[in-house]
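One-letter residues, chain by chain:
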Amino acid sequence: MTIRILLIDDHPLFRKGVAQLVRDDEELELAGEASDGETGVAMAATVDADLILIDLHMRAMNGIETLRALKAQGAHARCVMLTMSDNELDVLEAMRAGADGYLLKELEPEELCQRIKQSVRGAVVLEDNVAGLLAHALNAPPAILHAGFTEREREILCVLADGRSNKQIARLLDISDATVKVHIKHLLRKLNVTSRLEAAVWALQNPRFREPQS
């Protein structure tokens, strides 16, 4: 399957470099490129992309505003921030706006292609230092390690931490997609986070949650 990518970035030279990188990989295809958020959101409604790469600091409509507009529009594509910023607040704001990953532009070209493919398969894509920043920002207190998880919620959180999609979780645990959604909603509330990516990072940073409650 060819992965179609929409690139939203206001730096022409960077867009040109990523576009060439995509063309050089036989598994990837450039669905379109936009030089600003407004154009990118409009384009997303017509190009049928599998993944959208979004720059964070753009003029007029920034990356977070673009991401929120894409989500409000009902975009089904995975949305990954690709930026120079490793600021903790930027990372956290992007995750809470619904980003499916946060990557830095300093990535090696081959690694960027690999992360794109991982994201489309449903994985959470974060560089190690970015994951550390997000975990530090969340920094859940020890008391939440036994936040009243049911056995099923613990199972789902374990699988969620592996970057699985709802459909993959449902298939693995032999339950319905709707049931998975309900459990994830309860997990987000118990963890006091707003996105499944935050929950996944929390799980990776707090392995003790796997322990049964006494």
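Residues numbered from 1 in each chain as written. Predicted model: local features only at pLDDT ≥ 70, side-chain atom pairs only at ≥ 80, totals over all residues. Heavy atoms only, no water.

Engineer: I keep staring at the overall build of the chain and nothing clicks. Help me out?
Structural biologist: On a plain count of helices and strands, the chain comes out with ten helices and six strands. By the burial criterion, 49% of the 214 residues in the chain qualify as buried. For the chain, the exposed area adds up to about 10,700 Å²; of that, 50% sits on carbon and sulfur atoms. (Helix = DSSP H or I, 4+ residues; strand = E, 2+ residues; numbered from the N terminus. Buried < 20%, exposed > 50% of the residue type's maximum accessible area, 1.4 Å probe, protein only. Areas by Shrake-Rupley, 256 points an atom, 1.4 Å probe, with all protein chains shown as cover.)

Engineer: Honestly, the packing of helix H9 (residues 177-191) against helix H10 (residues 196-205) in this entry has me stumped. Any pointers?
Structural biologist: Relative orientation and spacing of two packed helices are given, respectively, by the angle between their axes and the distance between those axes. Running from amino to carboxyl end, H9 crosses H10 at an angle of 65°, the nearest separation of the two axes being 10 Å. When the axis of H9 is compared with that of H10, the two are roughly perpendicular. Relative to H10, the crossing made by H9 is left-handed. Residues Ile184, Leu188 and Leu191 of H9 lie in contact with H10, whose contacting residues are Arg196, Ala199 and Trp202. Looking at the contact of H9 with H10, its residues break down into five nonpolar, no polar and one charged. (Axes fitted to C-alpha atoms, helices over the stretch in contact; angles between N-to-C directions. Parallel < 35°, antiparallel > 145°, perpendicular 65-115°, else oblique. Left-handed = near helix turned anticlockwise from the far one by under 90°. Contact = heavy atoms within 4.5 Å. Nonpolar A, V, L, I, M, F, W, Y, C, P; charged D, E, K, R; others polar.)

Engineer: Would you take a moment to explain the environment of Lys105 for this structure?
Structural biologist: Position of Lys105 relative to the elements: it lies in the loop between strand E5 (101-104) and helix H5 (109-120). Here Lys105 falls in the buried class, since its relative accessible area comes to 15%. Each C-alpha atom, one on Lys105 and one on Thr83, is 5.3 Å from the other, the two residues being 22 residues apart in sequence. Setting aside anything within four residues of it in sequence, one finds Lys105 in contact with Asp9, His11, Phe14, Asp55, Leu82, Thr83 and Met84. Here the side chain of Lys105 touches Asp55 through a polar contact of 3.4 Å, side chain to side chain. (Polar contact = N/O pair within 3.5 Å; in protein donor to acceptor, adjacent residues only side chain to side chain.)

Engineer: Mind showing me how you'd approach the sheet that holds E5 here?
Structural biologist: To summarise the sheet geometry, strands pair through backbone hydrogen bonds and adopt either a parallel or an antiparallel arrangement. The sheet built from six strands is open, its strands ordered E2-E1-E3-E4-E5-E6 with parallel pairing. Two strands close off the open sheet at either side, each with one partner strand: strand E2 (28-34) and strand E6 (125-126). As judged from the four bridges shared by strand E3 (residues 51-54) and strand E4 (residues 78-83), these two strands associate in the parallel manner. What sits directly across from Leu51, in E4, is Arg78. (Pairing = 2+ DSSP bridges.)

Engineer: So what exactly am I meant to see when it comes to the environment of Glu106 here?
Structural biologist: Residue placement: Glu106 occurs in the loop between E5 and H5. Residue Glu106 is classed as exposed on the basis of its relative accessible area of 59%. The sequence separation of Glu106 and Thr83 amounts to 23 residues, and the corresponding C-alpha distance is 8.6 Å.

Engineer: Mind showing me how you'd approach helix H4 (residues 88-96) here?
Structural biologist: Listed in full, the buried residues belonging to H4 are Asp90, Val91, Leu92, Ala94 and Met95. Among the residues trailing H4, Gly98 stands out with phi positive, at a value near 105°.

Engineer: Whenever I open this one, the packing of aromatic side chains confuses me. Can you help?
Structural biologist: Two measures describe an aromatic ring pair: the distance that separates the ring centres and the angle between the ring planes. Taken as a whole, this structure holds zero aromatic pairs when the rule is applied. Lying over the aromatic face of Phe14, Lys105 brings its terminal NZ or CZ to 4.2 Å of the ring centre. (Phe/Tyr/Trp six-rings, centres within 6.5 Å; stacked < 30°, edge-to-face > 60°. Lys NZ or Arg CZ within 6 Å of the ring centre and 35° of its normal.)

Engineer: I keep staring at the nonpolar core and nothing clicks. Help me out?
Structural biologist: Considering soluble globular proteins, one finds that nonpolar side chains tend to be buried as a cluster. Ranked by size, the top nonpolar core spans 29 residues in total, and within it Ile52, Ile54, Leu70, Met81, Met95 and Tyr102 carry the most contacts. Of all hydrophobic cores here, the second largest spans 18 residues; its members include Leu160, Ala170, Leu187 and Ala199. (Core = buried A, V, L, I, M, F, W, Y, C linked by side-chain atoms within 4.5 Å.)

Engineer: I'm lost on the pattern of salt bridges in this one. Help?
Structural biologist: Pairs can form between side chains of opposite charge once their charged atoms are near each other. One pass over the full model with this rule turns up 15 salt bridges. A salt bridge links Glu29 to Arg4, with the nearest nitrogen and oxygen atoms 2.8 Å apart. Linking Glu29 in strand E2 with Arg4 in strand E1 (residues 3-8), this pair joins segments that are 25 residues apart in sequence. Here Glu29 falls in the partly exposed class, since its relative accessible area comes to 34%. Classification of Arg4 by relative accessible area gives partly exposed; the value is 22%. Note that Asp177 is salt-bridged to Lys167, the shortest N-O span being 3.3 Å. Highlighted residues: Asp177 in helix H9 and Lys167 in helix H8 (residues 166-173), separated in sequence by ten residues. (Salt bridge = Lys/Arg side-chain N within 4 Å of Asp/Glu carboxyl O.)

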